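Read off the chains here:
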Amino acid sequence: ESAQPFPRLIAASNCQLDGMTLSGKFRQDFFYYISLLNFKLPPLRKRREDILPLALLFYDRFSGTGLCQAGREVFAQDLGRRLQSYAWPGNVRELQNVIRRLALVTPLLPEVSWGERLERVWAETKSAGEEGPEYFPFPAPLKARVEIRA
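The structure displayed is predicted, hence computed values, not measured ones.

Peer 1: What's the story with the environment of Leu 79 in this structure? I'm lost.
Peer 2: Relative to the helices and strands, Leu 79 is located in helix 4 (residues 69-85). Considering only alpha carbons, one finds Leu 79 and Gly 115, 36 residues apart in sequence, at a separation of 5.9 Å. Not counting residues within four places of it along the chain, the set of residues in contact with Leu 79 comprises Leu 102, Trp 114, Gly 115 and Leu 118.

Given below as structure tokens:
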């Protein structure tokens, strides 16, 4: 006997869907289909205690190797306060993207502290599209094989 698939739908919205349903801007049948379990999750800036565990989770996911326990402690010590003091207007997606960039540049900057890497990631993010210094220099052998276009 074959098992029947059990489809699950997880949805998130920054709109009040129940109000939109009443005003006819959102389909009522679909609202009831997805409204099996509702909960409100405050923005990341109101859940500062979640920032560091999420950052470590994202780093482990994006780096491919993760961090040993000592590496996790250094990461937390160097970045904990910086990450928790930022307002995160882009919420969890912004944190995820910053940590993804951090995981990408770490192999290129092994001698640089976590704090300096984070500052470079934020500087690179803020200056995207603008002319500025080369924040993440490619290692020489790689740079010779990669064409960088302006």
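Peer 1: What am I meant to see in the confidence of the model for the chain here?
Peer 2: Detailed reading of predicted coordinates is not advised where the pLDDT is low. Of all residues in the chain, 82% have pLDDT values of 70 or greater, and the mean over the chain is 80. Taken together, the stretch residues 129-150 has pLDDT below 50 and engages in 16 contacts with residues farther than four places along the chain or on a different chain.

Peer 1: Please clarify how helix 5 (residues 91-105) should be interpreted in this entry.
Peer 2: For an α-helix the count is 3.6 residues per turn, leaving residues at separations of three or four pointing the same way. Between the first and last C-alpha of helix 5 there are 22 Å, a value that for 15 residues agrees with the 21 Å anticipated at 1.5 Å per step. What helix 5 keeps buried is the set Leu 95, Val 98, Ile 99, Leu 102, Ala 103 and Val 105.

Peer 1: Help me understand the pattern of salt bridges, please; the structure alone is not making it clear to me.
Peer 2: Oppositely charged side chains are able to pair whenever their charged atoms sit close together. This model, assessed by the stated rule, comprises 5 salt bridges. When the shortest N-O distance is used, the salt bridge between Arg 120 and Glu 116 registers 3.1 Å. Of this pair, Arg 120 and Glu 116 both sit in helix 6 (residues 114-126), 4 residues apart, which is roughly one turn of that helix. By relative accessible area, which is 35% here, Glu 116 ends up partly exposed.

Peer 1: Just to check I follow, could you spell out the packing of aromatic side chains for this structure?
Peer 2: Each aromatic ring pair is characterised by the separation of its centres together with the angle its planes make. Under the criterion given, the structure shown has 10 aromatic pairs. Summarising the aromatic geometry, the rings of Trp 88 and Trp 122 are spaced 6.2 Å apart at their centres and angled 50 degrees between planes, so their arrangement reads as tilted. Here Trp 122 lies in helix 6 and Trp 88 lies in the loop between helix 4 and helix 5, a separation of 34 residues in the sequence. Classification of Trp 122 by relative accessible area gives buried; the value is 12%. Cluster of aromatic residues (ring-pair linked, three or more members): Phe 26, Phe 30 and Tyr 33.

Rules used throughout
- Counting of residues starts from 1 at the beginning of each chain's written sequence and follows it residue by residue.
- In keeping with the model being predicted, local features are shown solely for residues with a pLDDT of at least 70 and side-chain atom pairs are shown and tallied solely at 80 or more, while totals for entire chains, interfaces and linings include all residues.
- Note that water and hydrogens are dropped before the side-chain values are worked out from all heavy atoms of the structure.
- Strands here mean DSSP runs of E at least two residues long; helices mean DSSP runs of H or I at least four residues long; both are numbered from the N terminus.
- Note on contacts: a residue pair is in contact if any heavy atoms of the two residues lie within 4.5 Å.
- Note: pLDDT gives the predictor's confidence per residue, expressed from 0 to 100.
- Expected span of a helix: the number of residues minus one, times 1.5 Å.
- Relative accessibility under 20% of the residue-type maximum defines a buried residue, over 50% an exposed one, and the middle range a partly exposed one, all with a 1.4 Å probe and only protein chains included.
- Salt bridge criterion: a side-chain nitrogen from Lys or Arg within 4 Å of a carboxyl oxygen from Asp or Glu.
- Each pair of aromatic rings taken from Phe, Tyr and Trp, with Trp reduced to its six-membered ring, is defined by centres within 6.5 Å and is described as stacked if the planes are under 30 degrees apart, edge-to-face if over 60, and tilted in the remaining cases.

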